[in-house]
Amino acid sequence: MKRRTFVFRTLPSALLFSSIFKMRMAQAAANDVIPFFFVDGGSPYPKPSDFFPGAGTGGNFNLSTILQPFEALKNDMVVLDGVDMNSKSGNIKGNWHVGSVGRVLTAKKPNRIGNTLDGLPGGPSIDQIIAQTLGRKSVEVLVNDKAYNHMRARPFAIGENKFKLPNLSASQTFDNLFRDCQSGGLNDENAKEERLNRLRAEKSILDSLTGELSRLRRELVGVEKIKLDSHESSIREAERSVARELKVIQNNANENQDNINCNPDIEISDRNVPMRSKAHFDVLFAAIQARRAGVYGMMHGFSSTKWNYEWLNLQNLNTNVHDGVFHRAGSQRENFLAIARWKWGELAKFAERLKNEPGGSLLDNVLIYATSHFGSHHRVERIPLVLIGNAQGKLTTGRVLKVNTLHDKVMTSVAHLCGASISGIGDFPNCGPLAEL
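Because the structure is a prediction, the values reported are computed rather than measured. (Residues numbered from 1 in each chain as written. Predicted model: local features only at pLDDT ≥ 70, side-chain atom pairs only at ≥ 80, totals over all residues. Heavy atoms only, no water.)

Peer 1: Help me get a handle on the overall build of the protein chain, residues and values and all.
Peer 2: When its secondary structure is counted, the protein chain shows 12 helices and 11 strands. Within the protein chain, buried positions represent 58% of all 437 residues. Of the roughly 17,400 Å² that the protein chain leaves accessible, carbon and sulfur atoms contribute 47%. (Helix = DSSP H or I, 4+ residues; strand = E, 2+ residues; numbered from the N terminus. Buried < 20%, exposed > 50% of the residue type's maximum accessible area, 1.4 Å probe, protein only. Areas by Shrake-Rupley, 256 points an atom, 1.4 Å probe, with all protein chains shown as cover.)

Peer 1: Outline the packing of helix 5 (residues 170–178) against helix 6 (residues 189–200), supporting the account with residue identities and numerical values.
Peer 2: Close contact between helix 5 and helix 6 brings their axes to 11 Å; oriented N to C, the two are set at 120 degrees. The angle between helix 5 and helix 6 falls in the class oblique. Crossing hand, helix 5 versus helix 6: right-handed. Contacts between helix 5 and helix 6 involve Ser171, Gln172, Phe174 and Asp175 from the first element and Lys192, Arg195, Leu196 and Leu199 from the second. In terms of residue class, the contact of helix 5 with helix 6 is built from 3 nonpolar, 2 polar and 3 charged. (Axes fitted to C-alpha atoms, helices over the stretch in contact; angles between N-to-C directions. Parallel < 35°, antiparallel > 145°, perpendicular 65-115°, else oblique. Left-handed = near helix turned anticlockwise from the far one by under 90°. Contact = heavy atoms within 4.5 Å. Nonpolar A, V, L, I, M, F, W, Y, C, P; charged D, E, K, R; others polar.)

Peer 1: Which residues make up the nonpolar core, and what values do they have?
Peer 2: The biggest cluster of nonpolar side chains holds 75 residues, and the ones touching the most others in it are Phe36, Phe70, Leu347 and Ile368. Among residues more than four places away in sequence, those in contact with Leu347 are Phe38, Phe70, Phe281, Ile368, Ala370 and Ile388. By size, the runner-up hydrophobic cluster in this structure holds 43 residues, among which are Val78, Phe156, Met299 and Ala415. (Core = buried A, V, L, I, M, F, W, Y, C linked by side-chain atoms within 4.5 Å.)

Peer 1: Tell me about the side chain of Thr412, and name the residues and values.
Peer 2: Note that Thr412 resides in helix 12 (residues 407–417). Setting aside anything within four residues of it in sequence, one finds Thr412 in contact with Ile422, Ser423, Gly424, Ile425, Cys431, Gly432 and Pro433.

Peer 1: Describe the pattern of salt bridges, naming the residues involved and giving the relevant values.
Peer 2: Oppositely charged side chains can form a pair if their charged atoms are brought close together. Applying the stated criterion to the full structure yields 30 salt bridges. Between Lys349 and Glu346 there is a salt bridge, with the nearest N and O atoms lying 2.8 Å from each other. Residue Lys349 and its partner Glu346 are located together in helix 11 (residues 333–355), separated by 3 residues, close to a single helical turn. Overall, Lys349 belongs to the exposed group, its relative accessible area being 55%. Residue Glu346 is classed as buried on the basis of its relative accessible area of 7%. Shared partners join several salt bridges into a network, and the residues in it are Glu237, Arg240, Arg244, Lys278, Asp282 and Arg353. (Salt bridge = Lys/Arg side-chain N within 4 Å of Asp/Glu carboxyl O.)

Peer 1: Account for the packing of helix 9 (residues 273–289) against helix 11, with residues named and values stated.
Peer 2: Relative to each other, helix 9 and helix 11 sit at 25 degrees, their axes nearing to 11 Å. Here helix 11 runs roughly parallel to helix 9, going by the angle between their axes. For the pair helix 9 and helix 11, the crossing hand works out as right-handed. On helix 11, the residues that touch Val273, Pro274, Ser277, Lys278, Phe281, Asp282, Phe285 and Ile288 of helix 9 are Trp342, Glu346, Leu347, Phe350, Arg353 and Leu354. For the contact of helix 9 with helix 11, a count of residues per class yields 9 nonpolar, 1 polar and 4 charged.

Peer 1: Lay out the sheet that holds strand 1 (residues 34–39) with the relevant residues and their values.
Peer 2: If you walk across this open sheet you meet the 7 strands as 5-8-1-9-10-2-11, and the pairing is mixed. This sheet does not close on itself; its edge strands, each paired only once, are strand 5 (138–142) and strand 11 (399–406). Taken over all neighbouring pairs, the strand axes of this sheet differ in orientation by 15 degrees on average, direction set aside. Sheet strands touched by helix 11: strand 1, strand 9 (366–371) and strand 10 (385–388). Its angle to strand 9, the strand with the most contacts, is close to 175 degrees. Along the sheet, helix 12 contacts strand 1, strand 2 (77–84), strand 9, strand 10 and strand 11; its crossing angle with strand 11, the most-contacted strand, is approximately 120 degrees. (Pairing = 2+ DSSP bridges.)

What follows is the structure in structure tokens.
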């Protein structure tokens, strides 16, 4: 009898927990670097020194104000200073809000849609290139709930004029990633609704596996037992976060009964953005633990949402954040920094959670490419760019690198670190990787 058949008596257990036993396989570490692409969105810094630390190696540098949440990760990151987008083309009708999002992961000029301020991708994004090259499943999520049908919220693409649409709802992401671990047909809408109803009732997909988990736990020792406990805990935490989101969606739907055509998936108000951010990160963490996908992407912020960031208690602000902060970086610097620090801090918490996974660092197997589609204000030069994770030892971390390059070379390097030996991307298909990486 095969070991996996003996250990796992049901398919759900095998699908959820087989990654625990990868450590027993000599080949487990090979070609298993999982890329995670994080696009902050918006104007990330009032001035460069607010984001970029001074040069340093071995963790011997002081983090900037915005990157302070990464203090515990200094030795696990590379901050790249001097990375530009190709500013010679890519904006639409002089508006970089669209062109920059269209280029941030594709390095390709987006295609205009008539005479509008919208566009279509000029080519595939780096996450999809890696997924297609390595034959991996990818999952993309979106935190903001405004302009969902606009390029400003869609950095992911499977090809020219073809978006890879991100999931706005964490509940939809959870169902997509874990539905084969549950009962009901994968494409059966009634079965899907039944699964979501279980989440609303705060019931877990693990409830039916209690006996098997107890038996499995008795068979494990040491690190494997610690990892099983961690996996179980992260799945239940993801389910709790999804349940909270579903309740908010239902409450908002009840408040909008007059609009029978409203889509409850996009009825999350500004004040619930932190809840949705946490829900997405909780689901993606559980999915990475269980190896439910091989490539991940998240669009977190959106520069023209006109959120009020009310959970930050911003001071001396009598209008929306877009008009009152992003366009007044001098007089509103402290508010600007608070906003940027919150958004990057959400990623820092996620990366630290990966690093501190009980039984071993998940961060060693996850390479995070974190960026924004804007540098200072509406410029596409000197964009923020941070790599987190050492790609199983292939990337030397704990560095701040001063470079002079376009982001296509950095993305090509990330593809190589993840096992996809591409020649280049976008407008520069033969650019090659960045030598410093």
